[in-house]
Amino acid sequence: MPLRIQRVYDDPTPDDGYRVLVDRLWPRGVSKERAHVDRWLKEVAPSNELRTWFHHDRSLFDEFVVRYRAELDANPAVEELRAIVAEHPVVTLLYGAKDEQDNQAVVLRDYLESTRR
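Cut-offs used in this document
Along each chain, residues carry numbers from 1 onward, in the same order as the chain's sequence is written. pLDDT decides what is reported in this predicted model: residues at 70 or higher carry local features, side-chain atom pairs at 80 or more are listed and counted, and totals for whole chains, interfaces and linings draw on all residues regardless. Side-chain numbers here rest on the full set of heavy atoms in the structure, without hydrogens or water. We count a salt bridge whenever a side-chain nitrogen from Lys or Arg sits within 4 Å of a carboxyl oxygen from Asp or Glu. Here's how the labels work: a residue is buried when its accessible area is under 20% of the maximum for its type, exposed when over 50%, partly exposed in between, all with a 1.4 Å probe on protein chains only. When DSSP finds two or more bridges between two strands, those strands count as paired. Starting at the N terminus, helices and strands are each numbered in turn, a helix being any DSSP run of H or I of at least four residues and a strand any DSSP run of E of at least two. Here, residues are in contact when the closest pair of their heavy atoms is within 4.5 Å. The axes are straight lines fitted to the C-alpha atoms, using for helices just the contacting stretch, and the angles between their N-to-C directions are given from 0 to 180°. Nonpolar cores were defined as sets of buried Ala, Val, Leu, Ile, Met, Phe, Trp, Tyr and Cys residues, with membership established by side-chain atoms within 4.5 Å. If an angle is under 35 degrees, it is roughly parallel; if it is over 145, roughly antiparallel; if it lies from 65 to 115, roughly perpendicular; otherwise it is oblique. Here a crossing is called left-handed whenever its near helix is offset anticlockwise from the far helix by less than a right angle, and right-handed whenever the offset is clockwise. Each residue receives one of three labels: charged for Asp, Glu, Lys and Arg, nonpolar for Ala, Val, Leu, Ile, Met, Phe, Trp, Tyr, Cys and Pro, and polar for the others, Gly being one of them.

**Things to note about the pattern of salt bridges**
A side chain with one charge may pair with a side chain of the opposite charge, provided their charged atoms come close. All chains considered together, the criterion is met by eight salt bridges. Among the salt bridges present, the one from Arg-19 reaches Asp-16, with a minimum N-O distance of 2.5 Å. Take Arg-19: its relative accessible area is 3%, and that puts it in the buried class.

**Some thoughts on the sheet that holds strand S3 (residues 39-40)**
Strand pairs in the sheet, formed through backbone hydrogen bonds, run parallel or antiparallel to each other. Strand order in the open sheet formed by four strands is S1-S4-S2-S3, and the pairing between neighbours is parallel. A strand with exactly one partner marks an edge of an open sheet, and here the two such strands are strand S1 (3-7) and S3. Examined bridge by bridge, strand S2 (residues 18-21) and strand S4 (residues 91-95) share four bridges and lie parallel to one another. Within S4, the residue paired with Arg-19 across the bridge is Thr-92. Along the sheet, helix H5 (residues 104-114) contacts S1 and S4; its crossing angle with S1, the most-contacted strand, is approximately 175 degrees.

**Structural notes on the nonpolar core**
In terms of nonpolar packing, the biggest core is built from 25 residues, with Val-20, Val-44, Leu-81, Leu-93 and Leu-108 touching the most fellow members. Elements represented by at least two residues in this core include exactly helix H2 (48-54), helix H3 (61-73), helix H4 (77-87), S4 and H5. Each residue touching Leu-81, except ones within four places of it in the same chain, is listed here: Val-20, Leu-41, Val-44, Leu-93, Leu-108 and Leu-112.

**Notes on the packing of H3 against H5**
For the pair H3 and H5, the least separation of the axes is 10 Å and the interaxial angle reads 50 degrees. Between H3 and H5, the angle is such that the two are oblique. In this structure, the crossing between H3 and H5 has a hand that is right-handed. Counted together, Phe-61, Phe-64, Val-65, Tyr-68, Arg-69, Leu-72 and Asp-73 of H3 and Gln-104, Val-107, Leu-108, Asp-110, Tyr-111 and Ser-114 of H5 form the full contact between these two elements. Residues that form the contact of H3 with H5 fall into these classes: eight nonpolar, two polar and three charged.

Structure (structure tokens):
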């Protein structure tokens, strides 16, 4: 299950495979053509409440991880993403955050890998 993560603002590459945007909001300043998104699965993104609470504050990241994983445990969209991953040899999770290490795509990738069935 090769799962990659990449900023949606970066240029797509042939190695990306199936590209899934995992943000609740469409990234500012990126056209749908430029993004080369195969699927926008906003339902798997953090809830609006969690997203606004976190607001990409690194000091809150550990608590964000706990809260987001709890949301994922109860989120039916996770199964939809698992099906996408099962269908494609490579899946790239796209996100818009500036922080490349502390963001929801990292948490989501780690969650999928740790709860693999």
